[in-house]
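# Fold and geometry: a report
Residues per chain, in single letters:
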Amino acid sequence: MRAAMKSPQPIRGMQSLLGEEADRMAAVVAAFDRVRRLYGFQRVEVPVLEATEVFARTIGETTDVVSKEMYSFDDRSGDSVTMRPEFTAGIARSFLSEGWQQYAPLKVATHGPAFRYERPQKGRFRQFHQLDAEIIGAAEPASDVELLAFADQLLKELGIGEGAILNLNTLGDPETRNAWRDALYEHFNAHSSDLSEESRDRLERNPLRILDSKAHSDWPIVDSAPVIDDFLTSEAADFFAAVTAGLDAAGVRWERAPRLVRGLDYYRHTAFEFITDRLGAQGTVLAGGRYDGLIETLGGPHTPAVGWAAGIERLSMMIGAPEPERPDVVLIPLGERGEAAAQRLLADLRRDGIAAEMAFRGNMKKRLSRANSAGARFALILGDDELERGVIQVKDLRSGEQSAVALGEVAEAVRA
Ligand code: ATP
Ligand code: MG
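Residues numbered from 1 in each chain as written. Chains lettered and ligands numbered in written order. Predicted model: local features only at pLDDT ≥ 70, side-chain atom pairs only at ≥ 80, totals over all residues. Heavy atoms only, no water.

## Concerning the sheet that holds strand β14 (residues 378-382)
Note the following rule: Any two strands are treated as partners once DSSP identifies two or more bridges connecting them. For the purposes of this entry, the term helix denotes a DSSP run of H or I that reaches at least four residues, the term strand denotes a run of E that reaches at least two, and both are numbered from the N terminus. For helices, the axis comes from a line fit to the C-alpha atoms of the stretch in contact; other axes are also lines fit to C-alpha atoms, and the angle between any two N-to-C directions lies between 0 and 180 degrees. By definition, residues are in contact when any of their heavy atoms lie within 4.5 Å.
If you walk across this open sheet you meet the 5 strands as β13-β12-β14-β15-β16, and the pairing is mixed. Across the chains shown, the open sheet's two edge strands, defined by having one partner strand only, are β13 (356-358) and β16 (402-406). Recorded for the sheet is a direction-independent mean angle of 30° between the axes of neighbouring strands. Where strand β12 (residues 329-333) meets β14, 5 bridges bridge the pair, whose relative direction is parallel. Each bridged residue has a counterpart across the sheet, and for Val-329 the counterpart in β14 is Phe-378. Relative to β12, helix α12 (residues 335-351) is tilted by about 160°, and along the sheet it contacts β12, β13, β14 and β15 (391-396). Running at roughly 170° to β12, helix α13 (residues 364-373) makes contact with β12, β13, β14 and β15 of the sheet.

## What about helix α2 (residues 52-59)?
The following threshold applies: In this scheme, a residue with accessible area under 20% of its type's maximum is buried, one over 50% is exposed, and one in between is partly exposed, where area comes from a 1.4 Å probe on protein chains only.
When you tally the buried positions in α2, you get 6 out of 8 residues, the bulk of the element. Buried within α2 are the following residues: Thr-52, Val-54, Phe-55, Ala-56, Thr-58 and Ile-59. Buried residues along α2 sit in contact with β2 (49-51), α3 (64-69), β3 (71-74), β4 (80-83), α4 (88-97) and α10 (294-297). Gly-60 sits one or two positions beyond α2 and adopts a positive phi of about 110°.

## A look at the domain arrangement of the protein
Interfaces are often sized by the accessible area lost when the parts come together. Quick note on the threshold: What counts as a domain boundary in this text is fixed by an automatic or database domain assignment.
As assigned here, the protein comprises domain 1 (20-173 + 233-318) and domain 2 (329-415). Computed over C-alpha atoms only, the centres of domain 1 and domain 2 are separated by 49 Å.

## A closer look at the site of ligand 1
Just so we agree on the cut-off: Nearness of a residue to a molecule or strand requires only that one of the residue's heavy atoms be within 4 Å of it. Here the accessible surface of atoms and residues is derived via Shrake-Rupley with a 1.4 Å probe, and residues count as covered only by protein chains that are part of the display. Nonpolar residues are Ala, Val, Leu, Ile, Met, Phe, Trp, Tyr, Cys and Pro. Charged residues are Asp, Glu, Lys and Arg, and all others, Gly as well, are polar.
Around ligand 1, 15 residues are found, and the nearest of them are Arg-116, Glu-118, Arg-124, Phe-125 and Arg-262. Against a free-state accessible area of 590 Å², the protein chains account for coverage of 92% of ligand 1. Elements with a minimum of two residues in the shell around ligand 1: β6 (127-136), β10 (284-290) and β11 (305-311). Take the shell around ligand 1: its biggest share by element is 3 residues, from β10. Classifying every residue of the shell around ligand 1 by side-chain character gives 5 nonpolar, 4 polar and 6 charged.

## Here we look at the pattern of salt bridges
Which entries qualify depends on this criterion: Every case where a carboxyl oxygen of Asp or Glu lies within 4 Å of a side-chain nitrogen of Lys or Arg is listed as a salt bridge.
On inspection of all chains with the given rule, the structure shows 28 salt bridges. Note that Arg-202 and Asp-64 form a salt bridge whose closest N and O atoms lie 3.2 Å from each other. Highlighted residues: Arg-202 in helix α7 (residues 197-205) and Asp-64 in helix α3, separated in sequence by 138 residues. Residues joined in a network through salt bridges with shared partners are Asp-64, Lys-68, Glu-198 and Arg-202.

## A short note on the sheet that holds β2
Read from one edge of the open sheet, 3 strands run β2-β4-β3, paired in antiparallel fashion. Each end of this open sheet is capped by a strand with a single partner; those strands are β2 and β3. Strand-to-strand, the axes of this sheet are offset by a mean angle of 35°, without reference to chain direction. Direction of pairing for β3 relative to β4: antiparallel, over a ladder of 4 bridges. For Phe-73, the partnering residue across the bridge sits in β4 and is Val-81.

## As for the packing of aromatic side chains
Under the convention used in this document: The criterion for an aromatic pair is that two Phe, Tyr or Trp rings (for Trp, the six-membered ring) have centres within 6.5 Å, with stacked assigned to planes under 30 degrees apart, edge-to-face to planes over 60 apart and tilted to the rest.
Per the counting criterion, the structure on display carries 7 aromatic pairs. For the ring pair Tyr-71 and Tyr-117, a centre distance of 5.7 Å and an interplane angle of 75° mean the geometry is edge-to-face. On the criterion of sequence distance, the pair formed by Tyr-71 in strand β3 and Tyr-117 in the loop between β5 (106-115) and β6 is long-range, its members being 46 residues apart. Residue Tyr-71 is classed as buried on the basis of its relative accessible area of 18%. Seen in terms of ring centroids, Phe-150 and Trp-308 are 5.1 Å apart; in terms of plane orientation they differ by 65°. Their pairing is edge-to-face. Note that Phe-150 is positioned in helix α5 (residues 141-157) and Trp-308 in strand β11, a separation of 158 residues in sequence. With a relative accessible area of 0%, Phe-150 lands in the buried category. Looking at Trp-308, the relative accessible area reads 1%, which means it is buried.

## So, the environment of Val-28
Looking at the element boundaries, Val-28 is found in helix α1 (residues 20-38). Put simply, Val-28 and Thr-276 are 248 residues apart on the chain and 17 Å apart in space, counted from C-alpha to C-alpha. With near-sequence residues (within four places) excluded, Val-28 lies in contact with Leu-131, Leu-158, Ile-312, Leu-315, Ser-316 and Ile-319.

## Considering the pairing of β10
Counted residue by residue, β10 has 6 buried out of 7 residues, so it is predominantly covered. When strand β9 (residues 268-276) meets β10, the two strands line up antiparallel, connected through 6 bridges. In the sheet register, Arg-268 faces β10, and the bridge partner there is Arg-290. Pairing of β10 with β11 involves 5 bridges; the strand directions are antiparallel.

Next comes the structure, spelled out in structure tokens:
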């Protein structure tokens, strides 16, 4: 005899969604797809799995993502592969290996699942979903502006424009960044005994990352850290001024966040986050920036680029409930002949673009209540008597009115 088996549980941080929650995510994706067309971003698909080095080289060994969040494993041939923790690295890899360079400047958009081994909590999962938009091969600040205007319009169309504020910073060019990094090192080194263990560890490896610390005890020291403005080269300052002037011209509201750095190492110049106070600790809904150095770290030519990603779960928690999907009609067959005829009518109605369901369980009362609870506008009742006459009873479930309609004219009658 087989021992009773415990049925399998989901993997921690991975969700199955039914109904409204799934509809919300679909509504976010639909809005994204609509807006990306207005901005001329082509749809792309990239693999979920990449060689581990694609992420390790681009995102940076000192980041949380690479050092502790990646789902990496050896595949059956012993090669180390990683489930994408984000889209940018895979798109950059494709840009190089698939010959997309010939189309530069290239505006692309995609969405789908991403994986990070994090502690699950509200708005934070191990399998989550991102929207992603990138412009590859464009060095002009106008690209940063276009990308931010796209993000801004998307959030407005989702009805959360007021709830999410664009926090904007520049990370300057490499010269700026090096000078700022030295100053940050000095500042944090002077306070090193008060820093969290993790930040002390980052001090030698990458002091910029301390600005991104999640340890509350670090925050006062972060708040008194030198800001990048004192170190900007004139080129870097000009670039940032062009971006902010463009945003103002395009009517995109922004706020300066002089200590904002991003969790990933590849950013240069523009860095930004749309932040909300409606989701507790998980307040960043959309984030990105310019990553001019990334494609070179993959062995490609110098290729300026800028992009963003947004968490679909976080956005979908902020939007109003989408209209539930309802059938236009529910067919109620009575008797064997009625059922056969209803099968045919059901298929015909659906081919005519009418959302139709059939209620074939229980007595008439049960079937009618099923039609009502499904939210249908009409119940269509088909029994022997109707079949003889070549008609069907169309019952308007709002008014309760009922009338006989010729079988061939049902679609017209219910379309209204
Ligand atoms: P956080 O600071 O919240 O960890 P991050 O800087 O790691 O975010 P990015 O790498 O910029 O996030 O990813 C872009 C967006 O993807 C985030 O702003 C967020 O909306 C979403 N996101 C990132 N990690 C998760 C996760 N584990 N679960 C759900 N959404 C996530
Ligand atoms: Mg993170």
